Amino acid sequence: MKKLLLTLLFSIIFSITGYAEIANFSNDFTESKITISFSERNKSENHYKTFNTIVFRKEIIQSVPNYKLFLITSTSQTPSTLDKTNFKFDNNKIFSLETNVEYNSVPRPAAYDLDQEFINKLLISNSLQIQIPLFTHDKAQIKYLEYTIPATVLEEWKQVIAME
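Presented here is a report on the structure given in the accompanying data block. In this text, all values refer to a predicted model and were calculated from it rather than measured experimentally. Within every chain, residues take consecutive numbers counted from 1 along the sequence as written. Since the coordinates come from a predicted model, pLDDT governs what is reported: local features require at least 70, and pairs of side-chain atoms require 80 or more to be given and counted, while whole-chain, interface and lining totals use all residues. Side-chain numbers here rest on the full set of heavy atoms in the structure, without hydrogens or water.

### Some words on the packing of aromatic side chains
This is how it is decided: Note on ring pairs: Phe, Tyr and Trp rings are taken, using the six-membered ring of Trp, and paired if centres are within 6.5 Å. Classes follow the plane angle, with under 30 degrees stacked, over 60 edge-to-face and the rest tilted. The secondary structure listing takes helices from DSSP runs of H or I that are at least 4 residues long and strands from runs of E that are at least 2 residues long, numbered from the N terminus. When accessible area is computed with a 1.4 Å probe and restricted to protein chains, residues below 20% of their type maximum are described as buried, those above 50% as exposed, and intermediate ones as partly exposed.
This model, assessed by the stated rule, comprises 6 aromatic pairs. Plain terms: the ring middles of Phe87 and Tyr112 are 5.6 Å apart, the flat faces sit at 90 degrees to each other, and that makes the pair edge-to-face. Here Phe87 is found in strand 5 (residues 85-89), whereas its partner Tyr112 is found in strand 8 (residues 109-114), with 25 residues between them in sequence. Of the two residues examined, Phe87 and Tyr112, each falls in the buried class. Taken together, the ring pairs in this structure connect Phe87, Phe89, Phe95, Tyr112 and Phe118 into an aromatic cluster.

Laid out in structure tokens, this is it:
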């Protein structure tokens, strides 16, 4: 009864203050387990200053975890492959990844394969900022969207990493 009450209390508190949600799936064909942290933009936030959706995904195939990050911008902001996406851990350690964009879908998500070095940095970090390149029609051809992942979402990603 005590565990049930604590779980219920945690769920209520998390649903009030949380920005993301964890979901579990399985793929019977590949015999894999998938866990995602899914975070959507609060509709009161300006869509030019944040992502519409952020998905942190862990897939375990034959006991080996693979991690991906999906950043989905508004339809008026197209991610660009002309520059890398930069991740800044704790305001000082910068990690850059190639920007992979699915141009055949709308909206156009940017997807990142996260290696173990990235995951290790994430696990010990208290903050994470992202700078993603976007297409623009001015001479520079690129502008940048800078965003700080909320602390509650970052903690949820750490939970996803720890899950089996």
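Back to the text.
### A closer look at the sheet that holds strand 9 (residues 128-135)
Strand pairing in a sheet relies on backbone hydrogen bonds. The paired strands run either parallel or antiparallel. To keep things clear, this is the line we draw: Only when DSSP finds a minimum of two bridges between them are two strands counted as paired. All axes here are fitted lines through C-alpha atoms, helices being fitted over the stretch that makes contact, and every angle between N-to-C directions spans 0 to 180 degrees.
Read across the sheet, 4 strands follow the order 6-5-9-10 without closing on themselves; strand pairing throughout is antiparallel. One side of each edge strand has no neighbouring strand; the edge strands of this open sheet are strand 6 (93-97) and strand 10 (142-148). The average angle at which neighbouring strand axes cross in this sheet is 20 degrees, direction not considered. Pairing of strand 5 with strand 9, which is carried by 4 bridges, proceeds in the antiparallel orientation. Note that in strand 9 the partner of Phe87 across the bridge is Ile130.

### Examining the layout of surface pockets
Short version of the rule: Cavities and pockets are defined on a 1 Å grid built over the protein atoms alone: a cavity is a set of grid points where a 1.4 Å probe fits but cannot escape, while a pocket is an open set with protein on both sides within 12 Å along at least five of seven lines, and lining residues are those with an atom within 4 Å of any such point. Grid points are joined across faces, edges and corners, and a volume is the space filled by probe spheres set on the points. Under the convention adopted here, Pro, Cys and the residues Ala, Val, Leu, Ile, Met, Phe, Trp and Tyr are nonpolar, Asp, Glu, Lys and Arg are charged, and Gly plus all remaining residues are polar.
By volume, the largest pocket is sized at about 160 Å³. Along the walls of the largest pocket sit Asn86, Phe87, Lys88, Ile94, Gln129, Ile130, Gln131, Glu146, Tyr147 and Thr148, which together make up its complete lining. Of all the elements in the fold, those that place two or more residues in the lining of the largest pocket are strand 5, strand 9 and strand 10. Considered class by class, the residues forming the lining of the largest pocket number 4 nonpolar, 4 polar and 2 charged.

### Description of the pattern of salt bridges
Note the cut-off: The rule for a salt bridge is simple: a side-chain nitrogen of Lys or Arg has to be within 4 Å of a carboxyl oxygen of Asp or Glu.
If you walk through the whole model with that rule in mind, you get 5 salt bridges. In this structure, Asp113 engages Lys68 in a salt bridge whose closest nitrogen and oxygen atoms are separated by 2.5 Å. Taken together, the positions of Asp113 in strand 8 and Lys68 in strand 4 (residues 64-72) put the pair 45 residues apart, joining distant regions of the chain. Lys68 sits in the partly exposed class, given a relative accessible area of 27%. With a closest N to O distance of 3.4 Å, Glu155 and Lys158 form a salt bridge.

In short, the description is geometric, and any link to function would need to be established separately.
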